[in-house]
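Residues per chain, in single letters:
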Amino acid sequence: MRADLGKDPSQVSAMFDGVAARYDLTNNVLSVGNAPLWRVATTRAVDPKPGEKILDVAAGTGTSSASLARSGASVVAADFSPGMIEVGRRRQAHVPNLVFVEADATDLPFGDDEFDAVTISFGLRNVNDPQHALREFLRVTKPGGRLVVCEFSHPQASLVRTGYDVYQRWIMPSLVRLTSSNDTAYEYLNESIGAWPDQPALAARLRAAGWDEVAYRNLTGGIVALHRGRKPGPPPVE
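Throughout what follows, the structure given in this document is the object of discussion. (Residues numbered from 1 in each chain as written. Predicted model: local features only at pLDDT ≥ 70, side-chain atom pairs only at ≥ 80, totals over all residues. Heavy atoms only, no water.)

We now examine the pattern of salt bridges. Applying the stated criterion to the full structure yields 9 salt bridges. In this structure, the salt-bridge partner of D47 is K49, at a minimum N-O distance of 2.7 Å. The class of D47 is partly exposed, set by a relative accessible area of 38%. K49 gets classed as partly exposed once you look at its relative accessible area, which sits at 33%. A salt bridge links D116 to K142, with the shortest nitrogen-to-oxygen separation between them at 3.3 Å. Here K142 lies in strand β5 (residues 141-152) and D116 lies in strand β4 (residues 115-121), a separation of 26 residues in the sequence. Overall, the relative accessible area of 7% leaves D116 in the buried class. The exposure class of K142 is partly exposed, given its relative accessible area of 26%. (Salt bridge = Lys/Arg side-chain N within 4 Å of Asp/Glu carboxyl O. Buried < 20%, exposed > 50% of the residue type's maximum accessible area, 1.4 Å probe, protein only. Helix = DSSP H or I, 4+ residues; strand = E, 2+ residues; numbered from the N terminus.)

Here it is in structure tokens:
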């Protein structure tokens, strides 16, 4: 598999199948321990409540989904990688209000206005058509419902940006070789981070897809950013 595989769905799915077994370990190492902090920030931004129905897209092995489910909300963990789904179902089998569904973010197998909230963490940049996916998220969200996107972004301070570039170019490849079951896959993932739009550009994409009240905040100096939006219409009746 080449690092320049682009976003061909079958190749990207196979790539994630290949890293599923050690995906969480590798993420924790590569984030230098920040992955759990980003997950906590995302869960707080989603603000799940008992009785709500939440869709976690590109859920991988369901680590973020399980965090959301601890609130008492019913969570659907969707991912297009059968390998990720298999690992997730096994690891999260103890979570009663969490189900896994194999699904494409651009063609979700759910009805209109079905979810109180939709969230995606570190997956939107790997979707074949991110703009179409944002519209799909809008379709399945209830009027007044919310969207939270946690994604790698672009540090705005020059010192952080320089340090992050050094890390990506020289340190990260060595860590990947030590921890990942498919280090070539992470070459692609690393390249996809650099090609991803910055914070204001992604906010504009959310608005173009139909989301209101769009805002973002940086995490870890802008290495990661949380984008939020709300579907136009009255909030769901509690």
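Picking up after the structure, the text goes on.
A separate point is the sheet that holds β4. Sheets are built from strands that pair by backbone hydrogen bonding, the pairs being arranged parallel or antiparallel. Read across the open sheet, the 7 strands follow the order β3-β2-β1-β4-β5-β7-β6; overall the sheet is mixed. At either end of the open sheet lies a strand with only one pairing partner, and these are β3 (98-102) and β6 (212-219). Between one strand axis and the next, the sheet turns by 15° as a mean value, whatever way the strands run. The pairing of β5 with strand β7 (residues 224-230) spans 7 bridges and is classified as antiparallel. Pairing of L147 across the sheet is with G229, part of β7. Sheet strands in contact with helix α3 (residues 35-46) are β1 (53-57), β4, β5, β6 and β7, and its direction is about 165° off that of β5. Along the sheet, helix α6 (residues 130-140) makes contact with β1, β4 and β5, crossing β5 at roughly 145°. (Pairing = 2+ DSSP bridges. Axes fitted to C-alpha atoms, helices over the stretch in contact; angles between N-to-C directions. Contact = heavy atoms within 4.5 Å.)

Coordinates in, geometry out; function isn't part of it.
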